[in-house]
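# A look at the structure
One-letter residues, chain by chain:
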Protein chains: 2
Amino acid sequence: MDRPLTPKGAATRKRIVEGAAEVLRESSVVDATLDDIRRQTGTSKSQLFHYFPRGKDELLLAVAQYEADRVLDDQQPHLSCLTSWDAWRRWRDVVVERYRAQGDTCPLGALLLQTGRTTPGARAIVVTLMERWQRELAAGMRAMRDAGHLPPDFDPDQASAALLAGIQGGVAIMLSTGRSTHLEAALDTAITQMRAAGDRVTT
Amino acid sequence: MDRPLTPKGAATRKRIVEGAAEVLRESSVVDATLDDIRRQTGTSKSQLFHYFPRGKDELLLAVAQYEADRVLDDQQPHLSCLTSWDAWRRWRDVVVERYRAQGDTCPLGALLLQTGRTTPGARAIVVTLMERWQRELAAGMRAMRDAGHLPPDFDPDQASAALLAGIQGGVAIMLSTGRSTHLEAALDTAITQMRAAGDRVTT
DNA sequence: CCTAAACTGAACCGGACAGTCCATTCCGAG
DNA sequence: CTCGGAATGGACTGTCCGGTTCAGTTTAGG
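Predicted, not measured: the structure shown is a model, and the values here were computed from it.

As a further point, take the interface of chain A and chain B. Put simply, an interface is often sized by how much accessible area is lost when its parts join up. Opposite the 37 residues of chain A that make contact, chain B presents 37 residues. A buried area of about 2800 Å², summed over both sides, lies between chain A and chain B, and 62% of it is on carbon and sulfur atoms. Between the two partners, chain A and chain B, sit zero salt bridges. Where chain A packs against chain B, one counts four residue pairs in polar contact (both at pLDDT 80 or more). Looking at the side of chain A that touches chain B, the elements that each hand over two or more residues are helix 6 (107-115), helix 7 (120-146), helix 8 (156-177) and helix 9 (181-202) of chain A. Per-element accounting of the side of chain A that touches chain B gives the leading share, 13 residues, to helix 8 of chain A. Here the side of chain A that touches chain B is composed, by residue class, of 15 nonpolar, 17 polar and five charged.

For the rest of this paragraph, the subject is the protein's contact with DNA strand C. With respect to spatial proximity, 16 residues lie near DNA strand C, and among them S44, S46 and Q47 of chain A together with K45 and K56 of chain B are the closest. A share of 59% is what sugar and phosphate atoms reach among the atoms of DNA strand C within 4 Å of the protein. At 3.4 Å, a side-chain N or O of T12 of chain A approaches a phosphate oxygen of DNA strand C. Q47 of chain A is positioned with one of its side-chain polar atoms (N or O) 2.3 Å from a phosphate oxygen of DNA strand C. Contributing elements (two or more residues each) for the surface near DNA strand C: helix 1 (9-26) and helix 3 (45-51) of chain A together with helix 3 (45-51) of chain B. Ranked by residue count, the leading element in the surface near DNA strand C is helix 3 of chain A, at four residues. When grouped by side-chain class, the residues that make up the surface near DNA strand C number four nonpolar, 10 polar and two charged.

This brings us to the protein's contact with DNA strand D. Near DNA strand D lie 19 residues; those nearest to it are K45 and K56 of chain A together with S46, Q47 and H50 of chain B. For DNA strand D, the fraction of atoms within 4 Å of the protein that belong to sugar or phosphate moieties is 63%. A distance of 2.7 Å is found between a phosphate oxygen of DNA strand D and a side-chain nitrogen or oxygen belonging to K56 of chain A. One of the side-chain N or O atoms of Y51 of chain B is found 2.8 Å from a phosphate oxygen in DNA strand D. Among the elements of the structure, helix 3 of chain A together with helix 1 (9-26) and helix 3 of chain B are those that each provide at least two residues to the surface near DNA strand D.

A few words now on the relation of the copies chain A and chain B. Rotating chain A by 180 degrees about the axis while translating it 0.0 Å along that axis superimposes it on chain B, leaving an RMSD of 0.1 Å. Expressed as a symmetry operation, the mapping of one chain copy onto the other fits a two-fold axis. Taken as a fraction of all interface residues of chain A, those also at the interface in chain B reach 100%, which identifies the copy contact as same-surface.

The subject of this paragraph is the domain arrangement of chain A. Residues and elements named next belong to chain A. Domain assignment breaks chain A into domain 1 (9-53) and domain 2 (69-202). Distance from the C-alpha centre of domain 1 to the C-alpha centre of domain 2: 30 Å. Counting residues at the interface gives four residues for domain 1 and six residues for domain 2. Buried surface at the junction of domain 1 and domain 2, both sides included, amounts to about 510 Å², of which 64% is carbon and sulfur. On the domain 1 side of the interface with domain 2, the three residues burying the most area are L24, R25 and V29, jointly 92% of the side's total. At the boundary of domain 1 with domain 2, the tally comes to zero salt bridges. Counting across the domain 1 and domain 2 interface gives zero residue pairs in polar contact (both at pLDDT 80 or more). Looking at the side of domain 1 that touches domain 2 residue by residue, the classes come out as three nonpolar, no polar and one charged.

What counts as what
- Residues numbered from 1 in each chain as written.
- Chains lettered and ligands numbered in written order.
- Predicted model: local features only at pLDDT ≥ 70, side-chain atom pairs only at ≥ 80, totals over all residues.
- Heavy atoms only, no water.
- Contact = heavy atoms within 4.5 Å.
- Buried area = accessible area lost by both parts, 1.4 Å probe.
- Salt bridge = Lys/Arg side-chain N within 4 Å of Asp/Glu carboxyl O.
- Polar contact = N/O pair within 3.5 Å; in protein donor to acceptor, adjacent residues only side chain to side chain.
- Helix = DSSP H or I, 4+ residues; strand = E, 2+ residues; numbered from the N terminus.
- Nonpolar A, V, L, I, M, F, W, Y, C, P; charged D, E, K, R; others polar.
- Near = heavy atom within 4 Å.
- Least-squares fit on C-alpha atoms with pLDDT ≥ 70 in both.
- Domains from an automatic or database assignment.

Rendered as structure tokens:
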């Protein structure tokens, strides 16, 4: 991650990453070759290795990081202000829509399987993504609790962990079935459960 | 899937599938070569193509089916008799233990990513697995409802979908983090939620 | 301009690996 | 015993693809 060099070469690097991401989305990771990426990005082999000296794995890792960043960005600004039931509902809709649009490709998952989960780099990307994601959810839950919409004994840590798991599984199932029912069920039951707990406190 | 031929050559086929499954578990799918499988199973190239004429994909698909069958088998007999809170708890423990033991390999997921989700065969395997799994969960919930442990307006279809999603996501997260916290959170909140609903009916 | 360094392009290499081919062995039926 | 087909072994091959090399071109600073 040394970057002493980059006037406009940085733009090229960015173009490579984004182009590679596009290639990896439409074709499976196993099928995608460096030549495909080269063609798509209008670059050549040597550039790929110029910007990613350690080869394909390094490039894939960069793409993985790029995709990971997009995951949370795509949920903004809703994810960061889950302070009302209405906000939760809007966020839910955004998540469902985002993954429904993504269809049956899971760029991140495929990438990480390719580079190998054992690779510390790959592991780190997904771990920090999950941590940040869950932290946002838990923060929203705490806000709701502090505002009195949830009972004081509500456990945001466990609830956010369960919700995150439900989202991941819902997306995974959608990849195979093509239906978003499980993702919606996971989101809806989680929110319904919270509202039920909230009703109990107001009663 | 023509099987007019197999006195005890079928045993060889079985040996190949099981040996291949073993290989695929310890090494990633991308790394595993036919030679690895050949070596592990004590067979030769020609046999692999004799029993799986359509090549590696056909073999991988057979292994995927084998792994898929194991998933539910490993949860028996608990999965099929979720008729008491105690049974639910036991099942929960079995699931957590099973996946914790499996560690950071996901044979099925890796296989399906390799053969491609678009392949009708691969899709079918995972879809039917999910359907059967969810049906078992929903059956357990209905049994609990009929026994009066859950309120009549409890929706087993949605709840089982959400629970299944939570399990899948919990396992997926465990693959990257190595921690089973999310899987446990998903299971525990689902069961806790059911018990809370049940308490409401008895009150 | 000029020159050095950053950048680009394309031909090339070497290894790995799925799949083929044929020779050999095994086994059961007649 | 023997004949035929199934089962097996293993060498061989064609291809694909990550990675290298090097010669050519643009860019920036003086």
